[in-house]
Amino acid sequence: NILVVNNRNFCLKKRTATLKKIIEEDYDAILITYSCFDMLSLSKKYYIEFYEKQLAILTKAKEKFSSERAIEAKRAAAMRTLEKLQEDMSENVCEIPFDELGINSLFVDEAHNYKNLFLFTKMNNVAGISTTASQRASDLKLKCEYINELHGADKGVVFATGTPISNSMTEMYTM
């Protein structure tokens, strides 16, 4: 029993009905296009809890390590991200968040599309280490974190790609 979600059944008029179908029916798999998957967001509650955990970790790190300046910069970046997410949530067009759909695993084909994930490092100006991030990769990481919370780490998420790692060491770390 497979549901295919694409632009035809995920347009603004049909989106809520499609999401309710995901919740109410027992599908073996849901195939969803990248563009539709990117429109799904986690609940505001999940985002806030996740970033509060991150801020607590950074606060502990600030107490234990002497590099307070770097920790404070990371903390400020996390706060900016949380504020931006809260702004984005007010513009979100999906009524039902990802964490309420009952999805319990992800198989991400063409995973190289999500390779630009933020990486915190003390190293600067090193070839192959990039600290830039895409919203798309950050969003998928949070969805993977949610799935990992359901099953424990290393279960429930599969990345597949035929594209070799070509640009940086951070791509390899992300994959």
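Treat the numbers as computed from the prediction; the structure is a model and nothing was measured. (Residues numbered from 1 in each chain as written. Predicted model: local features only at pLDDT ≥ 70, side-chain atom pairs only at ≥ 80, totals over all residues. Heavy atoms only, no water.)

1. Quick notes on the pairing of strand β3 (residues 106–109)
Item 1. Residue alternation in β3 divides its side chains into a buried set, L106 and V108, and an unburied set, F107 and D109.
Item 2. Across four bridges, the pairing between β3 and strand β4 (residues 157–160) is parallel. Note on β4: the bridge partner recorded for F107 is V158. (Buried < 20%, exposed > 50% of the residue type's maximum accessible area, 1.4 Å probe, protein only. Helix = DSSP H or I, 4+ residues; strand = E, 2+ residues; numbered from the N terminus. Pairing = 2+ DSSP bridges.)

2. Looking at the packing of aromatic side chains
Item 1. Scanning the entire structure with this criterion turns up five aromatic pairs.
Item 2. Judged by centre distance (5.8 Å) and plane angle (85 degrees), the ring pair of Y46 and Y146 falls under edge-to-face. Pair noted here: Y46 is in helix α3 (residues 44–64) and Y146 is in helix α5 (residues 135–151), with a separation of 100 residues, a long-range link.
Item 3. On the basis of relative accessible area, Y46 is assigned to the buried category, the value being 6%.
Item 4. On the accessibility criterion, Y146 (12% relative accessible area) is buried.
Item 5. Geometrically, the ring pair formed by F98 and Y146 is edge-to-face, given 6.0 Å between the ring centres and 75 degrees between the ring planes. Here F98, found in the loop between α4 (68–91) and β3, pairs with Y146, found in helix α5; they are 48 residues apart in sequence, far enough to count as distant. Accessibility classification places F98 together with Y146 in one group, the buried group.
Item 6. Positioned over the ring face of Y114 is R136, at 4.9 Å from the centre of the ring.
Item 7. Seen from the ring of F37, K143 lies directly overhead, with NZ or CZ sitting 4.0 Å from the centre. (Phe/Tyr/Trp six-rings, centres within 6.5 Å; stacked < 30°, edge-to-face > 60°. Lys NZ or Arg CZ within 6 Å of the ring centre and 35° of its normal.)

3. As for the environment of Y27
Item 1. Structurally, the position occupied by Y27 is in the loop between α1 (15–24) and β2 (29–32).
Item 2. Each C-alpha atom of the pair Y27 and L3 lies 6.8 Å from the other, and the pair is 24 residues apart in sequence.
Item 3. Residues contacting Y27, with those up to four places away along its chain left out, are N1, I2, L3, K21 and I22.
Item 4. Engagement of the side chain of Y27 in a polar contact is seen with the side chain of E25, the distance being 2.9 Å. (Contact = heavy atoms within 4.5 Å. Polar contact = N/O pair within 3.5 Å; in protein donor to acceptor, adjacent residues only side chain to side chain.)

4. Comments concerning α1
Item 1. Every buried residue of α1 is accounted for by R15, T18, L19 and I22. Buried residues of α1, seen end-on, are gathered within an arc of 100 degrees and therefore sit on one face of the element. Opposite the buried face of α1, by more than 90 degrees, sit the exposed residues A17 and E24.
Item 2. Against β1 (2–5), β2 and α2 (34–39) lie the buried residues of α1. (Arc of directions from axis to C-beta.)

5. A few points about the pairing of β2
Item 1. The sheet contact formed by β1 and β2 spans four bridges and is parallel. Opposite I2, over in β2, you have A29 as the bridge partner.
Item 2. Since β1 and β2 lie parallel, the crossover through α1 that links them has a hand, and here it is right-handed. (Right-handed = clockwise from strand over helix to strand, strands pointing away.)

6. Focus: the pattern of salt bridges
Item 1. Overall, the coordinates contain four salt bridges when judged by the stated rule.
Item 2. Linking R136 and D38 is a salt bridge whose minimum nitrogen-to-oxygen distance equals 2.9 Å. Taken together, the residues R136 in helix α5 and D38 in helix α2 connect sequence positions 98 residues apart.
Item 3. The partly exposed category is assigned to D38, whose relative accessible area is 31%. (Salt bridge = Lys/Arg side-chain N within 4 Å of Asp/Glu carboxyl O.)

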